[in-house]
Amino acid sequence: MVDISPSAVKEIQRIQLNKETTNSFLRLSVSPGGCSGWYYQLRLENTHVPSSSQEQVLEVGNITILVDANSWKYIGDLKLDYSEDLMGGGFRFHNPKAKNICGCGISFAITEEK
């Protein structure tokens, strides 16, 4: 189950409001690349076109989160947070399946499942 902090929910809602897409869906996925092998992607979508029949659809607060089946196996226990510090604000990904995390915070290596 993906866990999203109240501060992340608030920031997603703020982005939706600023982009005038308050009824949009949040697509959370991972793709090959980045410094460590995989990187997280967050994207707002105005329409829900399932990527597969095994796509996960999660409701957190007023936000609908979509996770494709391939990404789910890498981020099924992810905790998404949002915080601000001296470097600015940003989403923070806390993934128990990640064995190495790049300094950028969005790139990771995965522990291979046996």
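Remember, predicted model here, so these are calculated numbers, not experimental data.

J.: What's the story with the nonpolar core in this structure? I'm lost.
T.: In a soluble, globular protein the nonpolar side chains are often hidden away together inside. Ile 4, Leu 28, Ile 65 and Ile 75 are the most contacted members of the largest nonpolar core, which has 25 residues in total. Non-local contacts of Ile 75, meaning those with residues more than four positions away in its chain, are made with Val 2, Leu 28, Val 30, Tyr 40, Val 67 and Asn 95.

J.: Got a minute to help me understand the pattern of salt bridges in this structure?
T.: For side chains bearing opposite charge, pairing can occur when the charged atoms are close. In total, this model carries five salt bridges according to the counting rule given. Note that Arg 14 and Glu 11 form a salt bridge whose closest N and O atoms lie 2.7 Å from each other. Of this pair, Arg 14 and Glu 11 both sit in helix H1 (residues 6-18), three residues apart, which is roughly one turn of that helix. Among the residues examined, Glu 11 registers a relative accessible area of 10% and is labelled buried. Close ionic contact of Glu 55 with Arg 27 constitutes a salt bridge, the shortest N to O distance being 2.4 Å. One end of the pair, Glu 55, is in the loop between strand S3 (37-45) and strand S4 (56-60); the other, Arg 27, is in strand S2 (residues 25-33), and 28 residues separate them in sequence. On the basis of relative accessibility, which here comes to 11%, the residue Glu 55 falls in the buried class.

J.: Help me out: how do you make sense of the environment of Tyr 74 in this one?
T.: Along the chain, Tyr 74 falls in helix H2 (residues 69-75). If sequence neighbours within four positions are ignored, Tyr 74 has contacts with Val 30, Trp 38, Asn 95, Lys 97 and Ile 110.

J.: I keep staring at the pairing of strand S9 (residues 107-110) and nothing clicks. Help me out?
T.: The side chains of a regular strand alternate, residue by residue, between the two faces of the sheet. The side-chain alternation of S9 yields two buried faces, one formed by Ser 107 and Ala 109 and the other by Phe 108 and Ile 110. The pairing of S3 with S9 spans two bridges and is classified as antiparallel. Bridged to Tyr 39 within S9 is Ser 107. The pairing of strand S8 (residues 98-101) with S9 spans three bridges and is classified as antiparallel. Within the sheet, the bridge partner assigned to Asn 100 lies in S9 and is Ala 109. Counted along the chain from S8 to the antiparallel partner S9, the turn is five residues long, and its residue Gly 105 has a positive phi close to 85°.

J.: Please explain the side chain of Arg 27 as it appears in this structure.
T.: Note on Arg 27: relative accessible area 6%, which makes it buried. Side chain to side chain, Arg 27 and Glu 45 meet in a polar contact 3.1 Å long. Among the polar contacts made by the side chain of Arg 27, one reaches the side chain of Glu 55 at a distance of 2.4 Å.

J.: Which parts of the structure should I look at to understand H1?
T.: Quick reminder: α-helices carry 3.6 residues per turn. Residues three or four places apart thus point the same way. Look at H1: 18 Å from first C-alpha to last across 13 residues, which is about the 18 Å you get at 1.5 Å a residue. Among the residues making up H1, those that are buried are Ala 8, Val 9, Glu 11, Ile 12 and Gln 16. The arc that holds every buried residue of H1, seen down its axis, measures 165°, which confines them to one face. Facing away from the buried surface of H1 by more than 90 degrees, the exposed residues are Pro 6, Lys 10, Leu 17 and Asn 18.

The rules behind each value
Residues numbered from 1 in each chain as written. Predicted model: local features only at pLDDT ≥ 70, side-chain atom pairs only at ≥ 80, totals over all residues. Heavy atoms only, no water. Core = buried A, V, L, I, M, F, W, Y, C linked by side-chain atoms within 4.5 Å. Buried < 20%, exposed > 50% of the residue type's maximum accessible area, 1.4 Å probe, protein only. Contact = heavy atoms within 4.5 Å. Salt bridge = Lys/Arg side-chain N within 4 Å of Asp/Glu carboxyl O. Helix = DSSP H or I, 4+ residues; strand = E, 2+ residues; numbered from the N terminus. Pairing = 2+ DSSP bridges. Polar contact = N/O pair within 3.5 Å; in protein donor to acceptor, adjacent residues only side chain to side chain. Expected span 1.5 Å × (residues − 1). Arc of directions from axis to C-beta.

That's the geometry; what it means functionally is another story.
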